[in-house]
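# Architecture at a glance
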There are 2 protein chains.
Amino acid sequence: MKRVLVVEDEIKIARLVRDYLNQAGFEVLEAADGPSALSLARAERPDMIVLDLGLPGMDGFDVTRRLRATSSVPIIMLTARSEETDRIVGLELGADDYVTKPFSPKELVARIRAVLRRAEATLGGGEVVRSGPLEIDIPKRRVTVDGAEVELTASEFDLLLVLARQPGRIYTRAQLLDAVRGVSFESYERSVDAHIKNLRRKIEADPKRPELVVTVYGVGYKFSDA
Amino acid sequence: MKRVLVVEDEIKIARLVRDYLNQAGFEVLEAADGPSALSLARAERPDMIVLDLGLPGMDGFDVTRRLRATSSVPIIMLTARSEETDRIVGLELGADDYVTKPFSPKELVARIRAVLRRAEATLGGGEVVRSGPLEIDIPKRRVTVDGAEVELTASEFDLLLVLARQPGRIYTRAQLLDAVRGVSFESYERSVDAHIKNLRRKIEADPKRPELVVTVYGVGYKFSDA
DNA sequence: TTCGAATGTGGAGAACTCGTGAAGACATCA
DNA sequence: TGATGTCTTCACGAGTTCTCCACATTCGAA
């Protein structure tokens, strides 16, 4: 049975959605604000999340971003606006679909089913970046070196992904900070070095002589293209 | 030096932003309303535009739309409202980022830098400069002479790139120092000579008789256009 | 050709860059 | 709350690059 986390602060809507989903054969988890949504998502690993954008406190965009930092769970956004632009923003942030309020619960269920189908279909053939002994499964956020899985933190993964997507291309520390933290100000560029150090310890055969993530003196780092 | 057009009708804010940007090393152009923003943008071709949404007369969305009709200059929107709608519409119209008032000037500068970096990264995709036997791969910062790769330091690369991008154009030592060090204050111009020396040793067939990087007696250096 | 100024060049030390371990800040989860 | 893991920041050492000087060479103008 598929489990859906519904994040919605308006009780009436939450109840409506829950009833419909139950009836449609889903198990429903509920959260009324951003922080509890995040911890529930982490604890329960639902198969999909329905997220209202207009939450009190932390807004839906932030929730999405932080979910995406560690997970590729499918997300459907609920938004009060009918602008068709939502789709673009949603997709940019990593949502899989959106539904505008007022919505018919029937439609919501249909979209949930569609997204779940798509997610399952994509499961096998997800986007994978390969480079040398490295394999990066983007939707699963999983990395293997010579077939052996290595555990990376969120930052390490983001860093590696940016670098490995364009081997040979050189990135400055500032660019890499952007990749890891969104926009970075008031921040110490050399924290990138620390991540690189940890990353190398995990993926390099000999971290003292890195062959995958290479330093470009005076400029930044690159993924080896040799 | 990057040039930023600031479109803002509130004088106090405009001045604040201008001072901060100047201090951060940007050249600032200013406009207080939509029409003058459009004509300034067309005439001056700034590297980036910071646009207040709450302008009198023509509103910021219109300005964005009309800018986008002819140009892909990066745009950051300033908005007093934190409404989702504004962000969504703004991004939909082609803004690159937005900052909500009240904002910290530091953050604005950070976002400007990030957007410019992103713009440059997108532009430079696969950009290669060729000139005679020389080939310069900009994103990879790789240089080959007659197919053979040569290893350059960061400064040597920057110097060579500036020269080779416009063969025949003569650069003074001061200009070349800018290229290497950002802004040159209080610095010994003849260190350029030292870089040129090292550069020639690496890329010239006969460093005693330079054919690529040529001295222009009494003025500076140029890349050969013959 | 001669002279003064501009440029070439080798080399020493200053300045910078990077890797690293460690400490504290911060977030997360039980 | 405490335990755990991650991220940021700092300071030091090792290595690389840059700057700058002194002197040699070349250039251009009379």
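Just so you know, these numbers come straight off a predicted model, no measurement behind them. (Residues numbered from 1 in each chain as written. Chains lettered and ligands numbered in written order. Predicted model: local features only at pLDDT ≥ 70, side-chain atom pairs only at ≥ 80, totals over all residues. Heavy atoms only, no water.)

Take the nonpolar core next. Residues A:Leu134, A:Ile136, A:Leu160, A:Ile203 and A:Val213 are the most contacted members of the largest nonpolar core, which totals 26 residues. Of all the secondary structure elements, the ones that give two or more residues to this core are strand S7 (134–137), strand S8 (142–145), helix H6 (154–165), helix H7 (173–181), helix H8 (191–203) and strand S12 (220–223) of chain A. In terms of residues, this core owes the most to one element, H6(A), which gives 6 residues. Beyond its immediate sequence surroundings of up to four residues, A:Ile136 is in contact with A:Glu127, A:Val128, A:Val129, A:Arg142, A:Val143, A:Phe157, A:Leu160, A:Leu161 and A:Ala164. Counting residues in each nonpolar core, the second largest holds 25 residues, with B:Val150, B:Leu163, B:Ala164 and B:Leu212 among its members. (Core = buried A, V, L, I, M, F, W, Y, C linked by side-chain atoms within 4.5 Å. Buried < 20%, exposed > 50% of the residue type's maximum accessible area, 1.4 Å probe, protein only. Helix = DSSP H or I, 4+ residues; strand = E, 2+ residues; numbered from the N terminus. Contact = heavy atoms within 4.5 Å.)

Neighbouring residues of DNA strand D: 19 residues in total, closest A:Ser155, A:His195, B:Ser155, B:Tyr188 and B:His195. For DNA strand D, a phosphate oxygen lies 3.1 Å from a polar atom in the backbone of B:Tyr188. The set of elements that each furnish at least two residues to the surface near DNA strand D consists of H6 and H8 of chain A together with helix H8 (191–203) of chain B. A breakdown of the residues in the surface near DNA strand D according to their chemical character gives 7 nonpolar, 9 polar and 3 charged. (Near = heavy atom within 4 Å. Polar contact = N/O pair within 3.5 Å; in protein donor to acceptor, adjacent residues only side chain to side chain. Nonpolar A, V, L, I, M, F, W, Y, C, P; charged D, E, K, R; others polar.)

Moving on to the confidence of the model for chain A. Chain-level pLDDT for chain A is 82 on average; 85% of the residues reach the 70-or-more range. Every residue in residues 82–88 of chain A is under pLDDT 50, and counting partners more than four places away or in other chains gives 13 contacts. (pLDDT = per-residue confidence, 0-100.)

Bringing the protein's contact with DNA strand C into the picture now. For DNA strand C, the set of nearby residues contains 26 residues, the closest of which are A:Arg42, A:Arg190, A:Thr215, A:Tyr221 and B:Tyr221. At the protein interface, 56% of the atoms of DNA strand C within 4 Å belong to sugar or phosphate. B:Arg200 is positioned such that a nitrogen or oxygen atom in its side chain is 2.8 Å from a phosphate oxygen of DNA strand C. When contributions to the surface near DNA strand C are tallied by element, the ones reaching two or more residues are H8 and strand S11 (213–216) of chain A together with H8 and strand S11 (213–216) of chain B.

Another aspect to go through is helix H2 (residues 34–44) of chain B. All names here are of chain B. Among the residues of H2, Gly34, Ala37, Leu38 and Ala41 are the ones counted as buried. Buried residues along H2 cover an arc of 100° about the axis, so they all sit on one side. Residues of H2 that are buried sit in contact with strand S1 (3–7), strand S2 (27–31), strand S3 (48–52) and helix H3 (60–70). Of the residues flanking the end of H2, it is Arg45, one or two places downstream, whose phi is positive at about 45°. (Arc of directions from axis to C-beta.)

In most cases, non-glycine residues show a negative phi, while peptide bonds are predominantly trans. Of note in the backbone geometry, A:Asp146 takes a positive phi value of approximately 50° without being a glycine. Along the chain, A:Asp146 falls in the loop between S8 and strand S9 (148–150). Residues other than glycine seldom take positive phi values, yet B:Arg141 does so here, at roughly 50°. Position of B:Arg141 among the secondary structure elements: in the loop between strand S7 (134–137) and strand S8 (142–145).

Bringing the sheet that holds strand S5 (residues 97–100) of chain B into the picture now. Residues and elements named next belong to chain B. Judged by pairing direction, the sheet is parallel, and its 5 strands sit side by side in the order S2-S1-S3-S4-S5 without closing on themselves. Looking at strand neighbours, the two that pair on one side only are S2 and S5, the edges of this open sheet. In this sheet, adjacent strand axes meet at a mean angle of 20° when their direction is disregarded. Where S1 and S2 come together, 5 bridges link them in parallel fashion. (Pairing = 2+ DSSP bridges. Axes fitted to C-alpha atoms, helices over the stretch in contact; angles between N-to-C directions.)

Bringing the sheet that holds strand S10 (residues 170–172) of chain A into the picture now. Residues and elements named next belong to chain A. What the 3 strands build is an open sheet, ordered S10-S12-S11; its pairing is antiparallel. The open sheet terminates on both sides in strands that have one partner only, identified here as S10 and S11. Here the strands of the sheet are splayed against their neighbours by 35° on average, with no regard to which way each runs. This element, H6, spans S10, S11 and S12 of the sheet and lies at about 70° to S12.

All names here are of chain A. Burial within strand S3 (residues 48–52) is extensive, with 5 of its 5 residues counted as buried. A two-sided burial pattern is seen for S3, the buried positions comprising Met48, Val50 and Asp52 on one face and Ile49 and Leu51 on the other. Sheet analysis places strand S1 (residues 3–7) next to S3, joined by 4 bridges and oriented parallel. Bridge pairing in S3 links Leu5 to Ile49. As defined by bridge partners, S3 adjoins strand S4 (residues 75–79) across 4 bridges and the pair is classed as parallel.

Time to look at the environment of B:Val109. Residue and element names in this part refer to chain B. Its place among the elements puts Val109 in helix H5 (residues 105–123). Look at Val109 and you get buried, because its relative accessible area is 8%. Through-space distance from the C-alpha of Val109 to that of Tyr20 is 7.7 Å; in sequence the pair is 89 residues apart. Excluding its chain neighbours within four sequence positions, the residues that come into contact with Val109 are Tyr20, Leu21, Ala24 and Phe26.

Our next topic: the pattern of salt bridges. Residues and elements named next belong to chain A. With the rule as written, the count across this model stands at 23 salt bridges over all chains. A salt bridge links Arg18 to Glu30, with the nearest nitrogen and oxygen atoms 3.1 Å apart. With Arg18 in helix H1 (residues 11–23) and Glu30 in strand S2 (residues 27–31), this pair connects stretches of sequence that are 12 residues apart. A salt bridge links Arg141 to Asp158; the shortest N-O distance between them is 3.0 Å. (Salt bridge = Lys/Arg side-chain N within 4 Å of Asp/Glu carboxyl O.)

Consecutive residues of a regular strand have side chains that alternate between opposite faces of the sheet. Residue and element names in this part refer to chain A. Only one face of strand S6 (residues 128–131) is covered, namely the one carrying Val129 and Ser131; the face carrying Val128 and Arg130 has none of its residues buried. As defined by bridge partners, S6 adjoins S7 across 4 bridges and the pair is classed as antiparallel. In the strand pairing of S7, Val128 is matched with Asp137. Counting the residues between successive antiparallel strands, the hairpin from S6 to S7 contains 2 residues, one of them, Gly132, with a positive phi of roughly 60°.

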